[in-house]
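Architecture and fold: a report
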Amino acid sequence: MRAISIENNELIKAVFFILLAFLSMFLILIVFFYYSRKKIIQQELAKKDLEINYQKSLLHTVIFTQEEERKRIAQDLHDDISSKLNVVSLNSYLLKTPNLSDVELTQITDNIIEFTQNALENSRRIAHDLLPPVLEKFGLHSGIEELVAEYNTTKVVHVIYENTSNFDEFSFDNQLHIFRILQELLNNAVRHGLAKNVIIEIKDENCTKNLTFTDDGVGFDVNDERVRKGIGIKNIESRVDYLNASINISSIINSGTTIIIKF
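These numbers were taken from a predicted model, which means no experiment stands behind them.

This part takes up the confidence of the model for the protein chain. With 78% of its residues at a pLDDT of at least 70, the protein chain reaches an overall mean of 80. Element-level mean pLDDT values for the protein chain span from 69 in helix H1 (residues 2-94) up to 96 in strand S1 (residues 158-163).

This paragraph deals with the sheet that holds strand S5 (residues 257-262). Here five strands make up an open sheet; going across it, the order is S1-S2-S3-S5-S4 and the pairing mixed. On the outer flanks of this sheet lie S1 and strand S4 (246-251), each paired with one strand and no other. The mean angle between the axes of side-by-side strands here comes to 10 degrees, regardless of whether they run parallel or antiparallel. Each of S1 and strand S2 (197-205) touches helix H4 (residues 140-153); the most contacted strand, S1, lies at about 165 degrees to it. The sheet contacts of helix H5 (residues 172-191) involve S1, S2, strand S3 (208-215) and S5, and relative to S3 the element is tilted by about 15 degrees.

The residue Ser 165 is located in the loop between S1 and H5 in this model. On the accessibility criterion, Ser 165 (11% relative accessible area) is buried. At 2.7 Å, the side chain of Ser 165 forms a polar contact with the side chain of Asp 204. Setting aside residues up to four positions removed in sequence, Ser 165 forms contacts with Ile 202, Lys 203, Asp 204 and Lys 209.

The side-chain alternation of S1 yields one buried face, formed by Val 159, Tyr 161 and Asn 163, and one unburied face, formed by His 158, Ile 160 and Glu 162. The sheet contact formed by S1 and S2 spans six bridges and is parallel. By the bridge assignment, Tyr 161 is partnered in S2 with Ile 200. In the classification by handedness, the crossover that spans S1, the intervening H5 and the parallel S2 is left-handed.

Analysis parameters
Residues numbered from 1 in each chain as written. Predicted model: local features only at pLDDT ≥ 70, side-chain atom pairs only at ≥ 80, totals over all residues. Heavy atoms only, no water. pLDDT = per-residue confidence, 0-100. Helix = DSSP H or I, 4+ residues; strand = E, 2+ residues; numbered from the N terminus. Pairing = 2+ DSSP bridges. Axes fitted to C-alpha atoms, helices over the stretch in contact; angles between N-to-C directions. Contact = heavy atoms within 4.5 Å. Buried < 20%, exposed > 50% of the residue type's maximum accessible area, 1.4 Å probe, protein only. Polar contact = N/O pair within 3.5 Å; in protein donor to acceptor, adjacent residues only side chain to side chain. Right-handed = clockwise from strand over helix to strand, strands pointing away.

Written as structure tokens, this is what we have:
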């Protein structure tokens, strides 16, 4: 009987230790899952914070860009329009001068005509910069063709444009954003990249539209935060984000830049 009692005690102890081991493992698993879940939640919160900060940065960029555009328009109106209309006004006042000779009258009239024409031309240019008539009337493809033609007439850069896609299903706002993106890309390539040749290609691929922009400029370090935070890049990224598109930028110093946008 004593031997049986000892065996029972040993069995109870063994069962107790087994239960204790399972309980310990269960508690360890609970603690492990708790901290794992906590870590995942912290990572998700950090990711959300990054997304919120990125959205704030894009919004700030849009607002800053709009303000800069307003300043530029105001400056153009002041320098190109207001100043010329002021000269027209002064010359018109001179017409009231008594006893003007025919030569003086002709000169004043010519001045009025010349400065009025200049003011009209500049007002058309400003309006064109704000909203290209070709883009509004004939769509994105025609707008890009005109933009490319304008750059090619400068003889500073040679731009090739190839398009096999159709933008009829895009809203006018979306077409305007794509147009502004290309304006910014061309401006950056010529002013900052000193590019001599640019290729713009748009095509359909796997139910998406691919816009590939390639230049042979000086390139830049894509990991340089100063470049990435530049207003030009930020302006492009904000428009890409508005289009729910994606952008990939690759560049090698002294070997040009390639930018692919999928939307």
